Every structure is written in structure tokens, then in C-alpha cells.
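Working through the structure, step by step
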Amino acid sequence: MFLIPTRNAEHLAQKLSVQNVRIIYPGLNRDGRRHFPDGELYVKIPQPNRLASQHVMVLHSGSPAPNEGLIELELILQILKEVKAGRVEVFFAYFPYGMQDTVFSKGETNVAEMLAEKLTRYYQVKKISIVDAHFAGKDWTAKYPLNLISAVQLLMKAAKQDWGENLTFFSPDKGGKRRTAFQNFRKKRKNSYEVEIRSNRTMAEKMRNRPIAVVDDLVETGGTLERFAEECKRAGASKVVALVTHGVLPAGIQRVKKQYDKLYLTNTINRKEANVDITPLLRTAVS
């Protein structure tokens, strides 16, 4: 198998060492850059003909710069299509536009499904692996060759090593419960930046004088996780830790770190705060 990482995923490829997996890093232009002077992206696969009829996986993380990242991904897939690569797969450490997974009102589109359809129909991608997809459990996902995998067990293992088996795990909202099956709080969104989080009496009793962990797929502004921490502390939790797969926005990460006793964050996105490695999931996917 050949593995081609996009720029946002090179940090993961560099940690991967698997027998019979050859890693190809995209080349630079004649100026030694990945961009032209006007800002347009340059993509070149060295010795592309060797990929004809070969099994190739493209490794991509959709953050930062999700729009540019998608262009890079598509250019790589187009090159693979032109050289007639054999079986082509894509591994998304973080799937961009994953929260736009439904048509919420007229004039919108389901961007997540649109991307899945484009990858499979136009680029003929045979398998799309996604770490903790925001849309996991949605009905439309059954139409596509999606391999939905989770980093939650890796996060839980890291947290239990520090806090023991007495941790009680919760999801912050219904979407989180759909993805993890952990009991969820009631969440009401006021706008793009403000939410309300509420527990009930039974949940409050579970939190009193106990270490609590919230498991969420991503942090952007950090508002949801901030409200969750406040609710846990109000209920008398002894400690509150956060387990997050995707650290999308640096400001949100810092906001969460201030509110929690510890943040466990994977490296699906290349952030300095990441302390849980998802390489085992990637290694399984290429094995």
C-alpha cells in the first residue's frame, strides 16, 4: 500500500511505521513552495506512474484551513484518477464540514453528504475512514462506503490512567449520546456562541463528590464544554475533565483548559495541546 498525506496530516504520517506501507509526500514547486505567488495551491505527486493499479490511501485532516485542504485533497485524488491507481481510500483524521450534515432550512445543502458522494462517485474512492465523525448515526451515511471509527477508547484509557476507574462519563448533548451512548445533558443553543446546559436530579446525584468526564467530538468556541463544566461544579463534582477528539479552534482549546482539571485531546488536528495519539487507529486502517 502507498500512503499519501496532505499537508495537514503529515504529522500523523511521520509517526506511522508499518511494514509494506510506503509513504509519499507531495512535492514542491520550482520555488520550493506549495503555493504560487497568487496564493493558489500547488500539488505534485513524485513518480506518479508507480501508483498505477496500486492500493493507495490518502491521509487528510480537515483543519486548519479546511477549504484549502479540500482543494489539496481533490488535486491528489484527480492525479490518482489520471494515473489509474487501483483501490483508492481516504482516511480523514478530521472530516471538514461535518457539522453541516443536514439541511436545516431552505437554501442550504447537506455538505457532509455532498462530499461523501463526490469522493465515491467522481473520484471512485472505495472506502472513506473517518475518526469520530460528527454525523455518525445519521441515516444517509448508510449509502456510502464509510468506515466510522472512534478515538473515544483511546481518550478514556488516558483519562483512567490519571483518575482511576471511578470516572463517570457523560455526553454534553443528544448528538454526543448518539455517537458515544453516554448519558447526555439537556442542551439549548441560543446562537452560534452561547448555549445552555442543564442536568436533572438523577444526574446531579451521580456527579456529587465524584470525578466527572465529558466526552465530545470537537471543540470550536468552547462554549458548550464551558457550560458543562459549570453545571458539573454546581452539582458538586470533585473533579471535571474533558475528553475531546478534534481541537478545531485554538481559542476554544484555551477556553476549555481554563475550566477543566485536565483536557485530553487527540492529534487528529496538529495542535500543541494534543496529548492522545490516534496513530493506532491509522495503523489498523492500513494493516
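One can find the structure itself at the top, above this paragraph.
Everything in this summary refers to the structure shown in the same document. Computed from a predicted model, the values in this text were never measured in an experiment.

When helices and strands are tallied, the chain shows 9 helices and 12 strands. A compact globule built from 287 residues would reach a C-alpha radius of gyration of about 19 Å, and the chain, at 20 Å, matches this within 12%. When the 287 residues of the chain are sorted by exposure, 52% land in the buried category. Counting only contacts in the chain whose residues sit at least 6 apart along the sequence, the fraction spanning at least 24 positions is 63%. Treating the 45 positive side-chain charges of the chain as one cloud and the 30 negative ones as another, the clouds have centres 3 Å apart.

This part is about the nonpolar core. With 35 residues, the main nonpolar core has Leu-51, Leu-77 and Leu-80 as its most contacted residues. Elements represented by at least two residues in this core include exactly β1 (2-5), β3 (56-61), α2 (66-82), β4 (88-94), α3 (111-121) and β5 (127-131). Ignoring any residue separated from it by four or fewer positions in sequence, one finds Leu-77 in contact with Val-58, Val-88, Val-90, Leu-119, Tyr-123 and Val-125. Of all hydrophobic cores here, the second largest spans 21 residues; its members include Phe-170, Phe-228, Cys-232 and Ala-235.

As a further point, take the environment of Leu-59. Note on placement: Leu-59 falls in strand β3. Here the alpha-carbon distance between Leu-59 and Arg-7, two residues 52 residues apart in the chain, equals 9.3 Å. Once residues lying within four places of it in the same chain are set aside, the contact partners of Leu-59 are Leu-3, Ile-4, Pro-5, Thr-6, Ala-9, Leu-12, Ala-13, Phe-91 and Leu-282.

Attention now moves to the sheet that holds β1. Reading across the sheet, the 6 strands line up as β2-β1-β3-β4-β5-β6 and stay open at both edges, with parallel pairing between neighbours. Edge strands, defined here as strands with exactly one partner in the open sheet, are β2 (22-23) and β6 (146-149). Note: β5 against β6, 4 bridges, orientation parallel. Bridging from a neighbouring strand, Ile-130 pairs with Leu-148 of β6. Taken strand by strand, helix α9 (residues 279-286) contacts β3, β4, β5 and β6, and its axis lies near 160° from that of β3.

Bringing the sheet that holds strand β10 (residues 211-219) into the picture now. One open sheet holds the 4 strands; their spatial order is β7-β10-β11-β12, and the pairing between them is parallel. In the strand order of this sheet, the two ends are held by β7 (168-170) and β12 (262-265), each with one partner. Averaged over all pairs of adjacent strands, the angle between their axes in this sheet comes to 25°, without regard to strand direction. Across 3 bridges, the pairing between β7 and β10 is parallel.

The omega angle of the peptide bond from Ser-63 to Pro-64 is 0°, so this bond is cis rather than trans. Note that Pro-64 resides in the loop between β3 and α2. Of note in this structure, Gln-47 is not a glycine but carries a positive phi near 45°. Summarising the element assignment, Gln-47 is placed in the loop between β2 and β3. When its relative accessible area of 57% is taken as the criterion, Gln-47 is described as exposed. At Ala-65, a position not held by glycine, the phi torsion is positive, near 55°.

Right, let's talk about helix α8 (residues 250-259) for a bit. Those residues of α8 that sit buried are Gly-252, Ile-253 and Val-256. Angularly, the buried residues of α8 cover 100° about the axis, an arc narrow enough to put them on a single face. Away from the buried face of α8 by more than 90 degrees, exposed residues Ala-251 and Lys-258 are located. Of the surrounding secondary structure, the elements contacted by the buried residues of α8 are β10, α7 (223-234), β11 (239-247) and β12.

Okay, α9 next. For α9, the complete set of buried residues consists of Thr-279, Leu-281, Leu-282, Ala-285 and Val-286. Looking down the long axis of α9, one finds its buried residues gathered within 155° of arc, a one-sided arrangement. In this structure, the buried residues of α9 make contact with α1 (10-13), β3, β4, β5, β6 and α4 (152-163).

A few words on the side chain of Arg-34. Position of Arg-34 relative to the elements: it lies in the loop between β2 and β3. At 2.5 Å, the side chain of Arg-34 forms a polar contact with the side chain of Glu-10. Excluding residues that lie within four positions of it along the chain, Arg-34 makes contacts with Arg-7, Glu-10, Pro-26, Leu-28, Glu-40, Leu-41, Tyr-42 and Glu-72.

Okay, the pairing of β5 next. The buried fraction of β5 amounts to 4 of the 5 residues, a majority that puts the element mostly inside the structure. For β4 and β5, the ladder comprises 4 bridges, and the chain directions are parallel. Paired with Phe-91 across the two strands is Ser-129, which belongs to β5. Note that the unit made of β4, α3 and β5 has a crossover that is right-handed.

Reading the values: the criteria
- Residues numbered from 1 in each chain as written.
- Predicted model: local features only at pLDDT ≥ 70, side-chain atom pairs only at ≥ 80, totals over all residues.
- Heavy atoms only, no water.
- Helix = DSSP H or I, 4+ residues; strand = E, 2+ residues; numbered from the N terminus.
- Rg over C-alpha atoms; globule rule 2.2 N^0.38 Å.
- Buried < 20%, exposed > 50% of the residue type's maximum accessible area, 1.4 Å probe, protein only.
- Contact = heavy atoms within 4.5 Å.
- Lys, Arg positive; Asp, Glu negative; His and termini not counted.
- Charge placed at Lys NZ, Arg CZ, Asp CG, Glu CD.
- Core = buried A, V, L, I, M, F, W, Y, C linked by side-chain atoms within 4.5 Å.
- Pairing = 2+ DSSP bridges.
- Axes fitted to C-alpha atoms, helices over the stretch in contact; angles between N-to-C directions.
- Arc of directions from axis to C-beta.
- Polar contact = N/O pair within 3.5 Å; in protein donor to acceptor, adjacent residues only side chain to side chain.
- Right-handed = clockwise from strand over helix to strand, strands pointing away.

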